[in-house]
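# Tertiary structure, described
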Protein chains: 2
Amino acid sequence: MASPQDGVVVAVDANGADLGPAEVAAAAAMAAEQGVRVLLFGPADRMDPAPGVEIVDAPISIAKAADPVRATRQEPGASIVQAALAVAHGDADALVSGGSTGAVLAAGVLRIKRAPGIYRPALAVPIPVPGNPVTLLDVGANAEVRPEHLVQFAYMGAALVQAVLGIERPRVGLLSNGEEAIKGTPLVLEAHAALTARVLESASFEWVGNVEGTDLTSGVADVIVTDGFTGNVTLKVMEGVSQTMLGAVRDAAMSSRRSKAGGMLLRPALRDFRDGLDPEGAGGAYLLGLRRLGVVPHGRFTRYGISRAILLAARGVSGELVERTHTALEAAGALKSSPMSEPASTVQPS
Amino acid sequence: MASPQDGVVVAVDANGADLGPAEVAAAAAMAAEQGVRVLLFGPADRMDPAPGVEIVDAPISIAKAADPVRATRQEPGASIVQAALAVAHGDADALVSGGSTGAVLAAGVLRIKRAPGIYRPALAVPIPVPGNPVTLLDVGANAEVRPEHLVQFAYMGAALVQAVLGIERPRVGLLSNGEEAIKGTPLVLEAHAALTARVLESASFEWVGNVEGTDLTSGVADVIVTDGFTGNVTLKVMEGVSQTMLGAVRDAAMSSRRSKAGGMLLRPALRDFRDGLDPEGAGGAYLLGLRRLGVVPHGRFTRYGISRAILLAARGVSGELVERTHTALEAAGALKSSPMSEPASTVQPS
């Protein structure tokens, strides 16, 4: 059966995954069975061939490099660099790597490069909170941002959940220390004002204004925008708390024979929650703002998780994520080089 | 039996608590039984007298004021303002209010005023993570801070857990998006460098460097320092995630008769965790950096929680929290007006 992903080519870096290149090759074979074509970069002698998967021998790995930017520059033959170059040259439509987020970010920015008019790339993670999934960005590509970056992140995140998760008109919120528009740092206040000014007429998403930390799990927004510092802390706090509560359930379940049975039944529900909160869970982290989409599944994923990341990358391509982002930003006058880079209300003489 | 709190006088604002002034009066009576003297400000006709409790009729409440700073200025007769003035004039040693954090912050800063050499007050919340209690500050007094503020927060938080929680040599960490010293915003990098330069010789706490979001529950630090924006988001994320997981346990427990029994046994453990994470739980939020200590129990606390807040405020007084903070900051050359306000290594000609 034909699927929208048929014919999409995804460049996959086989180095860096905890289970090794063979597991990534198996994932590539699974994705290829669904109609995605895969260019697989890694040690050829450690990967099995499969229909729809083209193996490119690239044994050098920089997944563990302490300085990914330097490693990207110094190791042009590294698998992630080769995979990124294949995307940059148009041989593939998207990039997937089971390696480190840092290496993907470096290779993506240096080789695929930013999309026209984008200030900064961002890492977005869809968090499958039970009943209230939410996509958080930036979770760490940029420790510091300016208001116009947050504005672009809002459009980038909205386009992601539209194209990949199929949410037609996502609700987008800005993370702050209070719901009122007057709450937040100067950065947040300015981004809030800019989004309010721009989004009024926009059909591409619903702007819900400031949201609070409790709203990561409350379901008031499909996309929550923040700087990479706060986003990183937020994601890791969620991970830590869910991990700790899972431990508390385990301990409580061990406290008596009666609770043990109940605890064993409850644990999977909580474990799913914890796993979903993984920084690179739910298909992985999405690297947005480049000329092509990048997806970073977690290093510890098995072939199932990695193949899902490849399929979701292909879905982003067929859903025209990059084009959709550009169109929405252009319509909002929020592209970097656009003469409309200020909202209309502020460029007219007052 | 004599206790260290004997003779300590705490000014208590009876307005603002969800259960009303009568509940706060009952809490005051309980604290007085432990040897604390209480000056109780609120509507005299709604509060029962008790030994050791002196009632001051102050019926006006600004606990629900939208603009607490303005309300503090415009309502000099308000109970929280009167209570703060009693502390400012030396009639009481510490301030406790069951009202809003905003009102306490405003009345505290405007009437009790900052301690000499303190840049900014901070709100600190001891979070009783099971097995790994941690005190987080600032959780919202300052949305934006400078590096020297974070340095002071480290000393203020350390003195709090020494004086009130009895941790002799607390481990203090700085919240960042990575453990390495090179991780973080310019603010965090600068605060990290300043703390590293100052704390080397200090005996007052152990500086553990950067900590991550997962470390809110990992037990690597007794005190975690951050700006009020990140701290507020962090605390609310913890609240939201624990609340959501408690709901997931409830749902899972309802899914079968067998799991129901186990679920009922597990719920208290998780509920304790959730309640502990309350923004003003664990005795309440501590307002640090003023000439006297302030404590804000959560508005929904019963007499037991509020009396605990009064006792902990008294413990902070007898533990010489304010003096301890000043001494440590002075020794570190981190007071505002100090000629040693830069670490020695940077004031010497190089």
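Predicted model, so just to flag it, every value in this text is computed and none were measured. (Residues numbered from 1 in each chain as written. Chains lettered and ligands numbered in written order. Predicted model: local features only at pLDDT ≥ 70, side-chain atom pairs only at ≥ 80, totals over all residues.)

### Brief notes about helix α1 (residues 21–33) of chain B
Residues and elements named next belong to chain B.
- In this model, α1 (13 residues) spans 18 Å end to end at C-alpha, consistent with the 18 Å of a helix rising 1.5 Å per residue.
- When you tally the buried positions in α1, you get 11 out of 13 residues, the bulk of the element.
- Buried within α1 we find Pro21, Glu23, Val24, Ala25, Ala26, Ala27, Ala28, Ala29, Met30, Ala31 and Ala32.
- Directly after α1, the chain includes Gly35, whose backbone phi takes a positive value near 105 degrees. (Helix = DSSP H or I, 4+ residues; strand = E, 2+ residues; numbered from the N terminus. Expected span 1.5 Å × (residues − 1). Buried ≥ 20, exposed ≤ 12 C-beta atoms within 10 Å, placed from the backbone.)

### Section: the packing of helix α5 (residues 147–163) of chain B against helix α10 (residues 321–331) of chain B
All names here are of chain B.
- The geometry of α5 relative to α10 is characterised by a closest axis approach of 9 Å and an angle of 140 degrees between their N-to-C directions. In terms of orientation, α5 lies oblique with respect to α10. You can see that α5 and α10 cross each other, and the crossing is right-handed. The residues of α10 that touch α5, namely those facing Gln152, Tyr155, Met156, Ala159, Leu160, Gln162 and Ala163, are Leu321, Arg324, Thr325, Ala328 and Leu329.
- The residue inventory of the contact of α5 with α10, partitioned by class, reads eight nonpolar, three polar and one charged. (Axes fitted to C-alpha atoms, helices over the stretch in contact; angles between N-to-C directions. Parallel < 35°, antiparallel > 145°, perpendicular 65-115°, else oblique. Left-handed = near helix turned anticlockwise from the far one by under 90°. Contact = placed C-beta atoms within 7 Å. Nonpolar A, V, L, I, M, F, W, Y, C, P; charged D, E, K, R; others polar.)

### With respect to the pairing of strand β1 (residues 9–13) of chain B
Residues and elements named next belong to chain B.
- Most of β1 is tucked away, with four of its five residues classed as buried.
- The pairing of β1 with strand β2 (residues 37–42) spans five bridges and is parallel. Each residue of the ladder has a partner; that of Asp13, found in β2, is Phe41.
- Crossover β1 to β2 through α1 is right-handed.
- Bridge count for β1 against strand β4 (residues 94–97) is four bridges, and the pairing is parallel. Across the sheet, Val12 pairs through a bridge with Val96, a residue of β4. (Pairing = 2+ DSSP bridges. Right-handed = clockwise from strand over helix to strand, strands pointing away.)

### Concerning the sheet that holds strand β9 (residues 223–225) of chain B
All names here are of chain B.
- Pairing is mixed in the open sheet, where 11 strands are placed in the order β3-β2-β1-β4-β11-β10-β5-β6-β9-β7-β8. Each edge of the open sheet carries a strand with a single partner, namely β3 (53–57) and β8 (206–211). Each neighbouring strand pair of the sheet contributes to a mean axis angle of 25 degrees, computed without reference to strand direction.
- In this sheet, strand β10 (residues 285–288) lies alongside strand β5 (residues 122–127) in antiparallel orientation, the contact comprising three bridges. Opposite Leu123, over in β10, you have Leu287 as the bridge partner.
- Here helix α9 (residues 303–318) sits on the sheet and contacts β1, β2, β4 and β11 (293–296); the angle it forms with β4, its principal contact strand, is near 165 degrees.

### Considerations on the sheet that holds strand β7 (residues 171–175) of chain A
All names here are of chain A.
- Taken together, the 11 strands give an open sheet; going across it, the order is β3-β2-β1-β4-β11-β10-β5-β6-β9-β7-β8, and neighbouring strands pair in mixed fashion. The open sheet has two free edges, formed respectively by β3 (53–57) and β8 (206–211), since each of these has just one partner strand. Strand after strand, the sheet turns through a mean of 25 degrees between neighbouring axes, direction not considered.
- Taken strand by strand, helix α3 (residues 79–88) contacts β1 (9–13), β2 (37–42), β3 and β4 (94–97), and its axis lies near 165 degrees from that of β1.
- Sitting on the sheet, helix α5 (residues 147–163) is in contact with β5 (122–127), β6 (134–137), β7, β9 (223–225) and β10 (285–288), with an inclination near 160 degrees to β9.

### As for unusual backbone geometry
Residue and element names in this part refer to chain A.
- Following Leu137, the chain continues to Asp138 via a peptide bond in cis, the omega torsion being -5 degrees.
- Counting through the fold element by element, Asp138 comes out in the loop between β6 and α5.
- Of note, Lys113 is a non-glycine position whose phi angle comes to about 70 degrees, a positive value.
- Topologically, Lys113 is positioned in the loop between α4 (101–112) and β5.
- Exposure remark for Lys113: the 15 C-beta atoms within 10 Å place this residue in the partly exposed category.

### Structural notes on the domain arrangement of chain A
Residue and element names in this part refer to chain A.
- Splitting chain A by domain gives domain 1 (1–118 + 289–320) and domain 2 (126–278).
- With nine residues of domain 1 at the contact, the number on the domain 2 side is six residues.
- With three residues, the top contributor of residues to the side of domain 1 that touches domain 2 is helix α9 (residues 303–318).
- Here the side of domain 1 that touches domain 2 is composed, by residue class, of three nonpolar, four polar and two charged. (Domains from an automatic or database assignment.)

### Focus: the packing of helix α1 (residues 21–33) of chain A against α9 of chain A
Residues and elements named next belong to chain A.
- Running from N to C, α1 and α9 point in directions that differ by 50 degrees, and their axes come no closer than 8 Å. As summarised for this structure, α1 and α9 are arranged oblique, according to the angle between their axes. Two packed elements cross with a definite hand, and for α1 against α9 that hand is right-handed. Within the contact between the two elements, α1 uses Glu23, Val24, Ala26, Ala27, Ala28, Met30 and Ala31 and α9 uses Arg303, Ile306, Ser307, Ile310 and Leu311.
- Its residues assigned to classes, the contact of α1 with α9 shows nine nonpolar, one polar and two charged.

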